[in-house]
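# Analysis of the macromolecular model
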Amino acid sequence: MFFHRFIRLLTVIGLLTVSMISQAETTIVAVAANFTKPMTEIAELFEKKTGYSANLSFGASGKFVAQIENAAPFEVFLAADDKTTAKVAQDGFAVADSSFTYAIGKLVLWSATANLVDDKGEILSKGSFKHLALADPKLAPYGAAAVEVLKTKTLFDKLQPLFVQGENITQTYQFISTGNAELGFVALSQVINPDKSKIVNGSAWQVPENLYTPIKQNAVLLKKGEGNPAAPALIQFLKSPEAKAIISKYGYGLAN
Amino acid sequence: MLSAADIDALWLTLKVASLATFILLLLGTPLAWWLVRTRFRWKSVCNALVALPLVLPPSVLGFYLLVLMSPNGVVGQLTTKLGIGTLPFTFAGLVVSSVLYSLPFVVQPLQTAFTAIGDAPLEAAATLRANPLDTFFTVVMPLSRFGFLTAAILGFTHTVGEFGVVLMVGGNIPERTRVVSVQIYNHVEAMEYSQAHGLAGGLLVFSFLVLLLLYSTLKTNSVAPLK
């Protein structure tokens, strides 16, 4: 009697283990905060098309590097730049040569107020505003790009006293959307309406791409993901035409 | 080891924390006294409101402050009308936010201390014809001196450690709103771990020493640091 119960218990445990193993075909992904919306959409499609699923964490790339190098369970890393992925690869946490550019970020000077920003960005030199928001140039590639634009236009020294810096591009957007800063530099993906493929709120100047170094956003397969087929499958899926369509719909450029 | 920017951040943090603690003691003392003595029907509501910053995530508090103090917000419209302008991204804004954020850390120890005094000393003072204000300064304050010490130290250290709120309303401006916790965070984000260690280690030692001082002073007294 006792033996039978014991066998039954073992069977249950065995079945549970098997079901847990089959669940392992979920991949855990670290995603740069600016790519939240497109990635959510891509992950849904990924699940539908491949049967694998993706578990997404959103945050700042620099923080993800610290976490990955301290044994975080991430298997794929979609960064906001190409420096953090290079660092992860250099420190031996990425699968060799798996890094590629999945999106190219575009910079926009945006205001929540209609008609404040003209479509040539001349407001920057006229300067009838008290605060200019941008992401911390030391931390965020969009912030560094904004500084580059201002330096090219020789407005940096004049406007620097008006800077308010968001810790990342999401916070910068918050400063502007709440009206605390009259205008500021954000990512096109944050203000674009993906269904209409244009900016519908406030006013904006889409900064010409020759004024700043392209904001290459790179993805990399991490060593933790090597054994999980879902991880390389997601990397492959990011390169598919379906994923690319979503990426460009949200206002990103594509490599090549 | 510390860069000029680190020193600026430390100095700014000390200024914000000292000013906030001073204001908190000024406002918190009458508030705590009132909360202890009043028979007001909605007393529990007031107590709950005072304790709210204890449980609210700082980013939530910071976000609401950012919205309220914006040019379209209630507080923002008021400050604009008063000719102060809007508070986010300013030193004043940081102090106001810190006062709200650290309020329970000052009010609660004072409440505990005031409650511990009881009615007897107050009645004794009254029979000697001391008016309420006299009683407060000559009886209540000396009797609750350890409560004041606790309140001041907890208010100060809690403000020094503030991060989420400042991040939301500060705008990370050197010498104006970039306090030490934000500076540490920036170092970590920029992967400058040795600079981060320098500042973070310093902050850790500082906080420990202050709390050690507090608890060794309180060891012989029954006043609990927090309710």
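Every value quoted in this text rests on a predicted model; they were computed, and no experiment measured them. (Residues numbered from 1 in each chain as written. Chains lettered and ligands numbered in written order. Predicted model: local features only at pLDDT ≥ 70, side-chain atom pairs only at ≥ 80, totals over all residues. Heavy atoms only, no water.)

## Things to note about the interface of chain A and chain B
The criterion, for reference: In this analysis, two residues are considered to be in contact whenever any of their non-hydrogen atoms come within 4.5 Å of each other. Once two parts are brought into contact, the accessible area they lose, counted with a 1.4 Å probe and summed over both, makes up the buried area. Take a side-chain nitrogen of Lys or Arg and a carboxyl oxygen of Asp or Glu: if they are within 4 Å of each other, that pair is a salt bridge. Counting of polar contacts relies on pairs of N or O atoms within 3.5 Å, with two restrictions inside protein: one atom must be capable of donating a hydrogen and the other of accepting it, and residues adjacent in sequence are counted only when both atoms are side-chain atoms. In this description a helix means any DSSP run of H or I spanning at least four residues, a strand means any run of E spanning at least two, and both kinds are numbered starting from the N terminus.
With 23 residues of chain A in contact, the opposing surface of chain B contributes 24 residues. Of the roughly 2000 Å² buried between chain A and chain B on both sides combined, carbon and sulfur atoms contribute 56%. Where chain A touches chain B, the interface holds 1 salt bridge. The closest approach of N and O atoms between Lys138 of chain A and Glu192 of chain B, which form a salt bridge, is 3.3 Å. Where chain A packs against chain B, one counts 8 residue pairs in polar contact (both at pLDDT 80 or more). Elements that contribute at least two residues to the side of chain A that touches chain B include exactly helix H3 (61–68), helix H4 (83–90), strand S7 (163–166) and helix H8 (169–177) of chain A.

## Description of the confidence of the model for chain A
Just so we agree on the cut-off: Each residue carries a pLDDT score, the predictor's own confidence in it, on a scale running from 0 to 100.
In the predicted model, chain A carries a mean pLDDT of 89, and the fraction of residues at 70 or more is 91%. Confidence, expressed as mean pLDDT per element, reaches its minimum in chain A at helix H1 (residues 2–23) of chain A with 61 and its maximum at strand S3 (residues 76–78) of chain A with 97.

## Here's the deal with the domain arrangement of chain A
Residues and elements named next belong to chain A. How we decide: Note that the domain bounds reflect an automated or database-derived domain assignment.
For chain A, the assigned domains read domain 1 (2–104 + 215–249) and domain 2 (107–206). The centre of domain 1, based on its C-alpha atoms, is set 31 Å off from the matching centre of domain 2. Residue-level contacts link 9 residues of domain 1 with 11 residues of domain 2. A combined buried area of about 830 Å² lies between domain 1 and domain 2, and 59% of that area is made up of carbon and sulfur atoms.

## Quick notes on unusual backbone geometry
All names here are of chain B. What counts is decided by this rule: To sort residues, take the accessible area from a 1.4 Å probe on protein chains only and compare it with the maximum for the residue type: under 20% means buried, over 50% means exposed, and anything in between is partly exposed.
Of note in this structure, Arg129 is not a glycine but carries a positive phi near 65°. Its place among the elements puts Arg129 in the loop between helix H6 (120–127) and helix H7 (132–143). Exposure remark for Arg129: the relative accessible area of 80% places this residue in the exposed category. The phi dihedral of Asn172 is positive, around 55°, even though this residue is not glycine. With respect to the element layout, Asn172 can be found in the loop between helix H9 (164–170) and helix H10 (180–189). Taking the relative accessible area as the measure of exposure, Asn172 reaches 7% and is therefore buried.

## Description of the environment of Asp119 of chain B
All names here are of chain B. Inspection of the secondary structure assignment puts Asp119 in the loop between helix H5 (91–117) and H6. For Asp119, a relative accessible area of 41% corresponds to the partly exposed category. Separated by 82 residues in sequence, Asp119 and Arg37 have C-alpha atoms that sit 9.9 Å apart. Within the structure, the side chain of Asp119 is placed 2.9 Å from the side chain of Arg37, a separation counted as a polar contact.

## What to know about the packing of helix H1 (residues 4–37) of chain B against helix H2 (residues 43–55) of chain B
All names here are of chain B. Stated formally: The convention used is that axes are lines fitted to C-alpha atoms, helices contributing only their stretch in contact, and that angles between N-to-C directions extend from 0 to 180 degrees. Handedness of a crossing follows from how the near helix is turned relative to the far one, being left-handed for an anticlockwise turn of less than a right angle and right-handed for a clockwise one.
Where H1 meets H2, the closest approach of the two axes is 10 Å, and the angle between their N-to-C directions is 145°. Taken as a pair, H1 and H2 cross one another with a handedness that is left-handed. Contacts from Leu31, Trp34, Leu35 and Val36 of H1 reach H2 at Lys43, Cys46, Asn47 and Val50.

## A short note on a nonpolar patch on the surface
Residue and element names in this part refer to chain B. Spelled out, the test is: For patch detection, residues must exceed 30% relative accessible area and be free of salt bridges, and they are connected within 9 Å for like charges or within 5 Å for nonpolar side chains (Val, Leu, Ile, Met, Phe, Trp, Tyr). The accessible surface values rely on the Shrake-Rupley method and a 1.4 Å probe; as for residues, cover is taken only from the protein chains in view.
Together, Trp34, Phe40, Trp42, Val45, Leu49, Leu52, Leu54 and Val55 line one region of the surface with nonpolar side chains, adding up to about 780 Å² of accessible area. Of the residues forming the nonpolar patch, the biggest block, 5 residues, is contributed by H2. Of note, Leu52 is situated in helix H2.

## Comments concerning the pairing of strand S1 (residues 26–32) of chain A
Note on strand geometry: in a regular strand, side chains alternate between the two faces of the sheet. All names here are of chain A. Heads up, the condition is: A clockwise course of the path from the first strand over the helix to the second, judged with the strands pointing away from the viewer, identifies a crossover as right-handed. By the convention used here, strands pair only if DSSP detects at least 2 bridges between them.
In terms of burial, S1 is a largely internal element, 5 of the 7 residues being buried. In this view, the connection linking S1 to its parallel neighbour strand S2 (residues 53–59) by way of helix H2 (residues 36–50) has right-handed handedness. Where S1 lies against S3, 3 bridges are found, and the strand directions are parallel. Counted as the bridge partner of Val31 is Leu78 from S3.

## What to know about the side chain of Ser97 of chain B
Residues and elements named next belong to chain B. Mapped onto the elements of the fold, Ser97 is located in helix H5. From its side chain, Ser97 meets the backbone oxygen of Gly93 in a polar contact 2.7 Å long. When neighbours within four sequence positions are excluded, Ser97 is seen to be in contact with Leu65, Met69, Glu162, Val165 and Val169.

## Some words on the environment of Leu24 of chain B
All names here are of chain B. With respect to the helices and strands, Leu24 occurs in helix H1. Leu24 sits in the buried class, given a relative accessible area of 0%. In this structure, the C-alpha to C-alpha distance between Leu24 and Pro104, residues 80 residues apart in sequence, is 9.7 Å. The contacts of Leu24, once residues within four sequence positions are left out, are Thr29, Val99, Ser102, Leu103 and Val106.

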